[in-house]
Structure formats: structure tokens, C-alpha cells
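Chain residues, written in single-letter form:
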Amino acid sequence: MERPLEEDAPHAVDRGALEVGRNREPLQMTVPTLTHPLAKSAHWIAAHHVAILMIATLALFPFGTGHQLPLAILAVIGLVRAARADGRAWAQPEVRLFLWVYALIFIPLAISMLTAVDPGQAVRTSGRYLAFLFVGLAVLLAHPTGTLTRALMWAILVIPTLWVLDAVMQLLMGTNVLGYPADGTQPTGLFHPRRSIGIFLAHLLPLYLEALRRLLPGRPWIWLLIIPYLAVILLAGARASWLTAILAMAAYGLYLAIIYRVSWRRMIAPGVAILAAGVAAAMFSPGLQDRLDRTAGLLTLDFESWDHATSYRMSIWSAASRVFQDHWLLGVGARGFTPTALEAGYLDQSFSHVHLFILDVPVTTGVIGLAGYLAVMGIVLVWYLRQGDRRASLFAPWLAVALALFPLNAHWNFYGTFFTALLWFIFLVAMIMYREGRASPAGRGP
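## Focus: the overall build of the protein chain
Okay, so step 1: Regarding its fold elements, the protein chain presents 19 helices and zero strands.
Okay, so step 2: The buried share of the protein chain, taken over its 446 residues, is 45%.
Okay, so step 3: Considering only residue pairs separated by 6 or more positions, the protein chain has 72% of its internal contacts joining residues 24 or more positions apart.
Okay, so step 4: Accessible surface, the protein chain: about 22,800 Å² in total, of which carbon and sulfur atoms supply 66%.

Structural data, given as C-alpha cells:
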């Protein structure tokens, strides 16, 4: 019986093909993968978490302690990131600068717990302040996948503008978008019932002006946004915020005139408009007129007139000076000023804090804290002066940091919750701009 031909046989195999197949790589089937939208979203959030959490912090400042949630998340991330960081990450100049500035403020605060009048409050304040170490490390030890400066600049432009528009609506219509009423002729906006919108706006002003310049060049009409912005600061009534805003506008105007050679004539029209808006605000706001009248008492040389003009700050500062003389080395700890001054008879009524940074710091942390505070201001100034060709692009963030640390600030407790969060937010924005500026060609920046 003949054997059937192999090609006719069932299940026949091409031996040549088989031999060749033995010498080939096995065939691999490519299966298309479908990425779930949630996975894409999670990846995007992970890649941009620093910007998201910092923007969320800014957006939540008006809502009580809401800003602490994104800060708490950043602190946890920073703790993990610090444990994993290598020597190269710690050697980055912005990280070293942050650590020096942080240590000079925090270490005296921690030491003051040894002599604190209110140990519980001192421990809570120091513990809260410790969290900002890891907040800063979460931001500065990160490996950014893109440029954060532009995103943060847009946030600093858009979010305060929304605060301002909401406050203007509150003044014109009686309530804001959330139904909060104005405090007489004094806007509170989204910060209601706290009257701190003017303080936040004043401290963000240098960065706001820089955002206008960088993001919207060639649009001179956009600078009209400064008019309602400054009007809300003026009407909000905190005179310390007026001083901050005046210093910010004057310094930034010089910056534009000297560095970018902006003609003074181009700045006259906005200046006149701002002055007119201020005069109109004073005419139609009895509360503002009263504050201006009281401020006029500073033109006299009488202690009582100065005390009345400063809302009895002179009495507080006198008491603070005496408390410092009694506790000059380590201070009285966080929140220790008022009980100490009342017990010693230096005050006859309670005040929440000293209302002047240059006294608040030594009263709380003694000469050690005062030395650290003065050293911080010196370090920040030297850091800026050493930037060479990058000084132009870093002027606005440096100015914002300098005004936040300004010794004559009188609106908040230096170690208080809101000021601490705002200070480190501004400082970290400055460090991000510094880091990304080093990666770009030296010069005037964007």
C-alpha cells in the first residue's frame, strides 16, 4: 500500500516551515490596551499634585480652617518624600534656603515652650508649625513634570479677582454670592464673618501685579483690575493692610520704571484712577471716613492721640515692651503675652496679640527668636541681591516675602494659624519661581 503524499495527508506539516520556526522568536500577539478614564485622571492628579494642592490652599483661605486640608495632605506627602530623598535633592539651593529660614523661625518657638505661660497652647502652636516643615519639603523635593510658575500665576490672578468681584457685589447688592451681608460699608466677601479680606489681598498684591504683567502682556486695559482690588483693600478697613498695599504699589512701580523702563506717563493714568477711586470710597463710606479721621491723630505728638489713632496699640506695645524686659531670654511662649501682661498689671483689658511683629516675636520667643527673625530678613535680602541677572524676574516674589515679614505688620499674630499658612504659601511660590528661573536662560524672565 502506497503511503499518501504528506501534502495530501490529514494534519500534514510543512517540515521546512517547522525547521525555520524553530530558529525564530516566538510570535507575540499585540493586544490593544484600553486606559480607563479614571486611571488617566489619577495619573494626571499624581503628576500635578503640588500645583493642585497649593491652588486649593489659596482658594480655601476664605473658608475658615478649610485651607488646612490641602496643607495636611502636603505635610504627609512631605514626610514620605523627606524619607526617600537623596543627597542631591537636599543640596538644591531652594531646599537649603527654605530649611535655613524655617529653622531660624521654628527652633526659637520650640525652645520657648520651656518657659511658656500657657504650655498647652505653646505645644499646639509648635506642633502646627512643625507641619509646615513637611509642607515645604513636599513642594521643594518634588520632581515637577512641568512648569508650576504659570499655573500658580494664573491661580493668583483668578482667585483674588473672584474674591474682589464677590466683595464688590456684596457692597452694591447687600449680599455676596453665598448670601453673606456686608459689615456696614466694610466688605467681608467670602471671608465673612472675618474681616481679613483686605489683609490677604494686600499680601498677595505683588504677585497679583506680576501675574498681570506676565500673563496678559500688551493689554493695558487689564490693569484696570487694580482699581476694584485696591478699593476692597481700602474699604475692608485694616490700616495695616493699607500700609502693605502702599509699599507694594510704590515698590512695584519703581520696579517697572527702572527694570522694564516703563514710562512714568504710562503709570499716571492708572494712578489718577486709583486716587479718584480712593476719594470716592472715602466720600461714600462713613466707616472709612472715621478710620481716616482717627489715623489723622498720628499727626500730633500726644500719646493719648496716638493711642486712639492706633486703636489703643500704643498701650499694647508699651505693655509688650515691659513683658519683654521681664522675660527677655526665652519669652513667654505662644499666646502667653495677654495673660502675662494682665497678671503684671501692664494691661487692663485683654488683647488677642501684640499687633506688631517686631515686638510679637521677642515677647513670644525672647532675644533668641528676635535674632532668628532678623537673620531671616537678612538672609532673604542677601539671597535676592545675589541673584544677578535673575533679580528682575524674582523681584515680585521677593517683595511679597519681604512684606510678609515686614517688622511693622500689625494685623496678625506672627505665629498665628492664618499668617503662618499665608507666609509659607508666599515663600514656596517664591522658591518655585526661583527653581524654575534657574532652569531658564539668565535674564529678565518672562
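Next comes the rest of the account.
## A word on the packing of helix α8 (residues 148-173) against helix α19 (residues 417-439)
Okay, so step 1: Packing of α8 against α19 brings their axes to within 9 Å, and their N-to-C directions diverge by 145°. Along this stretch, α8 crosses α19, giving a crossing that reads as left-handed. Each of Leu-148, Thr-149, Leu-152, Met-153 and Ile-156 in α8 lies in contact with α19, whose residues at this interface are Val-429, Ile-432, Met-433, Arg-435 and Glu-436.
Okay, so step 2: Broken down by class, the residue content of the contact of α8 with α19 amounts to seven nonpolar, one polar and two charged.

## Section: a nonpolar patch on the surface
Okay, so step 1: A cluster of nonpolar side chains, namely Trp-154, Val-158, Leu-162 and Leu-165, defines an oily patch on the protein surface of about 360 Å² accessible area.
Okay, so step 2: Relative to the elements of secondary structure, Val-158 occurs in helix α8.
Okay, so step 3: Given the relative accessible area of 39%, Val-158 is considered partly exposed.

## Brief notes about the environment of Leu-347
Okay, so step 1: Considering the arrangement of structural elements, one finds Leu-347 in the loop between α16 (337-344) and α17 (357-385).
Okay, so step 2: Through-space distance from the C-alpha of Leu-347 to that of Ile-316 is 7.3 Å; in sequence the pair is 31 residues apart.
Okay, so step 3: In this structure Leu-347 touches Ser-315, Ile-316, Ala-319, Phe-337, Ala-341 and Leu-342, once residues within four positions along its chain are discounted.

## What about the pattern of salt bridges?
Okay, so step 1: Counted according to the given criterion, the structure contains three salt bridges.
Okay, so step 2: Put simply, Glu-94 and Arg-438 hold a salt bridge, and the shortest N to O gap is 2.6 Å. Separated by 344 residues along the polypeptide, Glu-94 in helix α6 (residues 93-111) and Arg-438 in helix α19 bring together distant segments of the chain.
Okay, so step 3: Taking relative accessible area as the criterion, Glu-94 reaches 1% and is therefore assigned buried.
Okay, so step 4: Given the relative accessible area of 28%, Arg-438 is considered partly exposed.
Okay, so step 5: Of the charged contacts in the structure, one is a salt bridge between Glu-210 and Arg-214, with a shortest N-O distance of 2.9 Å. Of the two residues, Glu-210 and Arg-214 are both situated in helix α9 (residues 197-215); the distance of four residues between them amounts to about one turn of the helix.

Thresholds applied
Residues numbered from 1 in each chain as written. Predicted model: local features only at pLDDT ≥ 70, side-chain atom pairs only at ≥ 80, totals over all residues. Heavy atoms only, no water. Helix = DSSP H or I, 4+ residues; strand = E, 2+ residues; numbered from the N terminus. Buried < 20%, exposed > 50% of the residue type's maximum accessible area, 1.4 Å probe, protein only. Contact = heavy atoms within 4.5 Å. Areas by Shrake-Rupley, 256 points an atom, 1.4 Å probe, with all protein chains shown as cover. Axes fitted to C-alpha atoms, helices over the stretch in contact; angles between N-to-C directions. Left-handed = near helix turned anticlockwise from the far one by under 90°. Nonpolar A, V, L, I, M, F, W, Y, C, P; charged D, E, K, R; others polar. Patch = residues over 30% accessible without salt bridge, like charges linked within 9 Å, V, L, I, M, F, W, Y side chains within 5 Å. Salt bridge = Lys/Arg side-chain N within 4 Å of Asp/Glu carboxyl O.

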